[in-house]
Amino acid sequence: MEEKTELTGAICIGENYLKAELSFEEILLDERLVQGDIWVLKEAFRAVGGLNYRLMAKREYELLIRIAGAYKVLLLNREDGIRFLQQENADEAWIQLKTVMPGAGETQAEKTAGKEAGEIEEGLKTDCYLLGRYRQELTAMNVFDDAVLGILSSCAQKEALTEYLKKMIAQTDAFYYIYDCTQPVLIYTGCDLCYNILDTFSAQLGNALEKLGQKVMYFNLAKQSFKEISSYAKRRFKAVIGMQTNMFYAKWETGRFVHDDMPGPKYNFLFDHPIMLKNYLDQKPYRLYSLTPDGNYAKFIEKYFESPARFLPPGGEDDFSEANRKDYEVVFLGSYGEGPLENLKFVRKTDRQRGYLVNRYILYMRKYLEKTPEQAFEEVLTSFGRTCSKKELIALFHQERWVITELANYYRNKLIKILLEMGIAVHVFGKTWEKCPMQGHPGLIQHPAVYGKDALNVYARAKVSLNVMRWHKDGFTERIANAMLQKAAVVTDRTTYLEENFVDGKDIILFDLGHLQEVPNRIKNLLACEEKRKQIAKNGYEKALAAHTWKSRAAKILEMIEEDETNRDFWS
């Protein structure tokens, strides 16, 4: 049990209550004590793990037991309760729960008569769970055996309930399925790659989960030693989440995966094409799910690495300020890269046969821009008359993985060059643009790199936010979400997901990589027609706010956790 604080974590308000503090033991032994209107401190709600949605009855009562173990729980009459809430700024800091128990005026017979048999049975299951969870405390109070006998008498001639009670007392997997629902989510932090973007994602997701009432713990890989994870491995977690972290593949000296000792589901957001992460994906820690920003990535992982994967792109940060000015016409927050030519020259010099393959692969991807990198690569191999096993194909594809990144860079550079030639200035950010051949062009306005909130400030100042995908064909990115949430009109290459969830010309501007010459006129029209641009930006903002914030991603992850836990067989 957690160390108790002096804070009041919950109050029970009734008409004729005398002011009193209820102890953990009193609430555990008599649920009738917590009647009336229940108010819970948000901080306490989150700290103890919130409502346990895996219980079908007495959720509020079970929550109050956990709160009483760490906070004060008060009984107050109506007048004192109202005064207390006014002093506590209840609208901001407190949550009102529904009444835990019926009013004291009802008799037990009246209460029982109003309940269906299923509700009574679910209440008994909650009692069984409480016996399993608080066995040690009940034993110390010398009431455990009596409590068991009481439930057994209620379960008479109900063999399934008796078996359920046994599972709860023995704390089998069925018990931990319920217990883990109120445990914290562990999030890995401490990655400074890509201008700290992964750490920013971790912080934004953690904050969103906390706002939804979920307790969150963090492990900072940059500041905490690997040995410290051993203490975490002994804990229960609702889930463990990372942002393209290799921590999930860490092993003990015995060769066993560290996370195989953490029984809950694990989720690793992967933002690059999965072939870039082959050496990790070849390994299969227990209950590790990959979350990808492109639906094709998830299919690729399941097909070639035979591991579970889902499409769940990063979200955006809802932090818009109406005071933001729009003094940048077009911004591009992507980095500069040279394109495939130099690498292709090197391959041709060192391995002529490989050079033929890579050259055709690049040409094929440029000709069939709608194809995924893996589709194009397989078809190129077929055109050479090569048949490969799945393992051989992945090895070859991994060797040429650089083509994906460099071809995306090629189209980024090509589009920026076209815009500059057509008289459209573009604001770019970061040192990589110092290597750009277009450096010195008056329309290429270079700025220092921006991180976290500073990137949001750039979008807030932008009339148009330009985006070129890293060869996502069914994807969505945080750049699109963040730009929309700062009311910039987004101009990006089309993907299946964008076409299915947005409307070109209404809430987004979509273009084809094969028709980049059309982009300048579309941008010029946006800049010339302020009303149209603002309407597109407003529509994009509303859609992103409704479905593409980190809050919506956090809610989806909690749904995934429930789905992945519920589909396991604990009861046989």
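The structure this text deals with has already been given above.
Residues numbered from 1 in each chain as written. Predicted model: local features only at pLDDT ≥ 70, side-chain atom pairs only at ≥ 80, totals over all residues. Heavy atoms only, no water.

### Some thoughts on the packing of aromatic side chains
Here is step 1 of the chain: All chains considered together, the criterion is met by 31 aromatic pairs.
Here is step 2 of the chain: Centre to centre, the rings of F219 and Y232 are 5.1 Å apart; their planes meet at 90 degrees, and the pair counts as edge-to-face. Of this pair, F219 sits in strand β7 (residues 216-220) while Y232 sits in helix α13 (residues 229-233); the two residues are 13 residues apart in sequence, bridging distant segments of the chain. You'll find F219 and Y232 in the same group, each marked buried.
Here is step 3 of the chain: An aromatic cluster is built from F300, Y304, F305, Y361, F377 and F397, whose rings are joined through pairwise contacts.
Here is step 4 of the chain: If you follow R236 out to its NZ or CZ, it ends over the ring of Y176, 3.9 Å from the centre.
Here is step 5 of the chain: A cation over an aromatic ring shows up here: K487 above the ring of Y541, its NZ or CZ 4.7 Å from the ring centre. (Phe/Tyr/Trp six-rings, centres within 6.5 Å; stacked < 30°, edge-to-face > 60°. Helix = DSSP H or I, 4+ residues; strand = E, 2+ residues; numbered from the N terminus. Buried < 20%, exposed > 50% of the residue type's maximum accessible area, 1.4 Å probe, protein only. Lys NZ or Arg CZ within 6 Å of the ring centre and 35° of its normal.)

### Structural notes on unusual backbone geometry
Here is step 1 of the chain: Backbone geometry places R287, a non-glycine residue, at a positive phi of 60 degrees.
Here is step 2 of the chain: Relative to the helices and strands, R287 is located in the loop between α14 (278-281) and β10 (288-292).
Here is step 3 of the chain: When its relative accessible area of 11% is taken as the criterion, R287 is described as buried.
Here is step 4 of the chain: At E306, a position not held by glycine, the phi torsion is positive, near 50 degrees.
Here is step 5 of the chain: Here E306 shows up in the loop between α15 (295-305) and β11 (309-311).
Here is step 6 of the chain: Of the residues examined, E306 reaches a relative accessible area of 58% and is grouped as exposed.

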